[in-house]
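So the chains spell out like this:
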Amino acid sequence: MARYNPKEAEPKWRAAWTAVDAFRAGAPKPGQPKYYVLEMFPYPSGKLHMGHVRNYALGDVVARFKRARGFNVLHPMGWDAFGLPAENAAMERGVDPRAWTYENIDAMRTALKELGLAIDWSREFATCDVAYYGKQQAWFVDLWHRGLIYRKEGVVNWDPVDMTVLANEQVIDGRGWRSGAEVEKRKLNQWFMRITNYADDLLEGLKTLDRWPDKVRLMQENWIGRSKGLRLKFAFTGAAPDGFAEGVEVYTTRPDTLYGASFLAVAADHPLAVLVARSDARAAKFVADCKRGAVSEAAIEQAEKRGYDTGLTVQHPFLPDQTLPVWIANFVLMDYGAGAIFGCPAHDQRDLDFARRYGLPVIPVVLPPGGDSAKFSVRDEAYVGPGRIYNSDFLDGLEIEPAKAAAIARVEAAGQGEGATVYRLRDWGIARQRGWGCPVPIIHCPGCGPVAVPKADLPVALPEDLDFSRPGNALARHPTWKHAACPTCGGAAERETDTLDTFVDSSWYFARFADPTAEEPINKAAADYWLPVDQYIGGVEHAVLHLLYARFVTRALKDAGALSVAEPFAGLFTQGMVTHETYRRQNGDWVEPMDVEIEVQGATRRAMMIGTREPVVIGDSEKMSKSKRNTVAPAEIFEAYGVDAARFFVLSDSPPDRDVQWTTGGVQGAWRRVNRLWDEFDSQPAAISTASGDDPSAVALTRATHRLVKAVTGAIEGFRFNTGVARFDEFLSLLRSLPAEGASPALLRARLAALSALARLIAPYAPHLAEACWERIGGEGMVVQAPWPEYDPALAAEDEIVLPVQINGRRRAEVRAAPGANEADVEKIALADAAVQRHLEGLNVRKVIVVKDRIINIVVG
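Bear in mind that the values here come from a model prediction, so they are computed numbers and not experimental data.

With that out of the way, let us pick up helix H12 (residues 400-413). With 14 residues, H12 should reach 20 Å at 1.5 Å per residue; the first-to-last C-alpha distance of 20 Å fits that figure. Along H12, the residues that are buried comprise Ile400, Ala403, Lys404, Ala407, Ile408 and Val411. Looking straight down H12, one finds that the buried residues subtend no more than 135 degrees of arc, so they occupy a single side. Opposite the buried face of H12, at more than 90 degrees from it, the exposed residues are Glu401 and Ala413. In the core, the buried residues of H12 are packed alongside strand S8 (227-234), strand S14 (366-367), strand S15 (388-389) and strand S16 (417-422).

Below you can see the structure in the form of structure tokens.
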């Protein structure tokens, strides 16, 4: 038989698909359903990695499957092309970021095309194309006029390495999401989008996203952070500081614990802390130290709780004879609630840590169920569970929720505050102090203030001669670009030199794909047809970045009349990472897998440098990364085994939502699968006798073929691609047991029908191989144009099903039974099984519980 040659087959079939424009999305047709599948578009780094291979292979399976099922499929590709990597390359290498970016796009486009992806390349664009970001500026102006974009001075997250502002969501454990540098707090005039206007709608919308992972919906729900509580003012004892005649406002979600309050704390950037620091050098130093410390909630949670006693005191709202000291604390955030808290150490761990450090009272006021009020106390761990209120006067005996309501009612009656709902979510800071980005289309006039650039004057294009030779904003340094006339009065003015956060660029690209050449930013008719995206695929790391921003911008554009949908992505799938073992030399240097040789002796694995045989330390399997040099170049895999072997591996080794560990053995196994498949097709004779006659083997193969179609269809629809590959392997074993050589005409015909179905079933997984197989058996046209095989439910019904047998809750055996068999028959089969009988020796069977078609439980004594 001829050996399958991917180096010949794969380019051949890619050229054939291109020749017929096989993947161009069609115009709407009456009665034809549409399907929009999209992977999160890549940053053009210039190199394809195995994470790309897996991500785009997943989407490709869906796109090819839906196209074969008769859907009008849109599967586009673009490039998230602005951002710091291009600027860093410009500084480090003295290159133009524009040229560097487009060269990388060319390289990655070529690599992605080698993957054989069913992409409509006619819709390709990059966010750094002026034709794209100019349209973005147009809708920015619309939202500006609608009041959804504004500028104000505020405390922002400043990355001292990337020298730019970061949104709260881009601060990970107190560090910049790209640079890893410790983030500082600064006051700057910044541009914001009013995402908080949509907080409730974004929360409620999550309830409709039933095809999103629960973990992503929960992450967004927690990030938006809606909470109901109480705003109240604590009056100062004695003379109030300037500006605080009415006291200090506090927001709390636990008004039921007010009787347990032992201190008040304000954030380091709270106006009261700023006021105290003006006349107190030690307070000023503490405030400065706080600004250099952690900025994220996660980092603050782990950091040592520190404070500064201002010497001020406030009146307890319920206890006339009790005062509370006012502290500045490093664990209080200005951007949540009112930037001030009352501390109840017994029932909040941060408050408790703080109180223990500074010797403040710890007063329990929530008694756990069954607890003794005379004995209950709090030591090193705050009690945050359910219970009844005690030590709290009029709240005593109430459960927590009724106590909250009673406390709020008492405060409101006294005119000291009111019930309120607040959100953790803050408006999105969208400006970045970078040159390689979409210019903010605003002109600053000394007389008129900020003025939007008229749409007739858009796009505001980046200059060609930006200087990226040193850090900072190259656009602000340009000698002439920023000078402009005010659109309102005609006077001398200056353009805004900040550019937009790259997450703005990716917040609407899916809508532009509906018609990327439209005169308006969004062709509403095209968007009405294609949106929402039916299946979106990407990393869970974007749960509260890109995904939240895209949901917000879609709503804003809907309200502006540009879109009809509120939710951009009907279905979301978050794929696992591709991992690889890490290797280190004795001196600690990381080593690339290609330089390591592995020896296996029994259960022991040893690693050594190829050539020198220097021992190498085998580390954990981690996400492929340049820093740990545990990457595998896809080009090397394609060269050695072909594209389809790589696709098979990333689609078969584990469920797609879990990490997949890359191993040489794994891809070699996928390569063997490719050849086993090809051998079955290559062994099928071209001519088959039409002679009649029955053959039980033919009947069995026909039934197995229908079961295969049903199983693979369900696997793809359920995103269980790996189980589909497992069924291919099972089916191959059956085919090999029924070889073409010497087969009856009936079996040869059944084999041909089976291979016809098999070629179409493997097409989403290994499309080049599928085309070669389809051609080999004389299939009409190309397999990419063939319909998905259908199955007969009667023929696809399983002859037998496997039922696990548990004895006293422990799995001990498996038995086979006909689907739907009655309980008595299944019980007899189980008790007659040899393995079951061995485990029942010397035991009395008390009860047998049969869960129909699922499991058998035997209870023994």
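Quick look at the nonpolar core now. With 194 residues, the main nonpolar core has Trp428, Phe510, Phe648, Trp662, Leu758 and Leu769 as its most contacted residues. Broken down by element, this core gets its largest block of residues, 11 residues, from helix H23 (residues 745-762). If we ignore the near neighbours within four places in the chain, the residues touching Phe510 are Tyr36, Leu38, Leu531, Val533, Ala550, Thr554, Pro568 and Phe569. Formed by 39 residues, the second largest nonpolar core is a distinct cluster that contains Ala268, Tyr308, Val326 and Phe342.

A word on the packing of helix H21 (residues 696-717) against H23. Relative to each other, H21 and H23 sit at 10 degrees, their axes nearing to 8 Å. When the axis of H21 is compared with that of H23, the two are roughly parallel. In this structure, H21 uses Ser697, Ala698, Leu701, Thr702, Thr705, Leu708, Val709 and Val712 to contact H23, whose residues at the interface are Ala746, Leu747, Ala750, Arg751, Ala753, Ala754, Ala757, Leu758 and Leu761. Grouping the constituent residues of the contact of H21 with H23 by class yields 13 nonpolar, three polar and one charged.

Throughout the structure, instances matching the rule amount to 41 aromatic pairs. Between Tyr536 and Phe569, the aromatic rings sit 3.9 Å apart at their centres with planes inclined by 10 degrees, giving stacked as the arrangement. Here Tyr536 is found in strand S24 (residues 535-538), whereas its partner Phe569 is found in the loop between helix H17 (546-559) and strand S25 (572-574), with 33 residues between them in sequence. Of the two residues, Tyr536 and Phe569, both sit in the buried class.

Across the junction of Leu458 and Pro459, the peptide omega takes the value 5 degrees, indicating a cis bond. Within the fold, Pro459 resides in the loop between strand S20 (449-452) and helix H13 (474-477). Between Leu531 and Pro532 the backbone carries a cis peptide bond, its omega angle lying at 0 degrees. By the secondary structure assignment, Pro532 is in the loop between helix H16 (524-530) and S24. Located in the positive-phi region is Asp21, a residue other than glycine, with phi close to 50 degrees. Of note, Asp21 is situated in the loop between helix H1 (6-19) and strand S1 (34-39). For Asp21, a relative accessible area of 38% gives the class partly exposed.

Basis of the calculations
- Residues numbered from 1 in each chain as written.
- Predicted model: local features only at pLDDT ≥ 70, side-chain atom pairs only at ≥ 80, totals over all residues.
- Heavy atoms only, no water.
- Helix = DSSP H or I, 4+ residues; strand = E, 2+ residues; numbered from the N terminus.
- Expected span 1.5 Å × (residues − 1).
- Buried < 20%, exposed > 50% of the residue type's maximum accessible area, 1.4 Å probe, protein only.
- Arc of directions from axis to C-beta.
- Contact = heavy atoms within 4.5 Å.
- Core = buried A, V, L, I, M, F, W, Y, C linked by side-chain atoms within 4.5 Å.
- Axes fitted to C-alpha atoms, helices over the stretch in contact; angles between N-to-C directions.
- Parallel < 35°, antiparallel > 145°, perpendicular 65-115°, else oblique.
- Nonpolar A, V, L, I, M, F, W, Y, C, P; charged D, E, K, R; others polar.
- Phe/Tyr/Trp six-rings, centres within 6.5 Å; stacked < 30°, edge-to-face > 60°.

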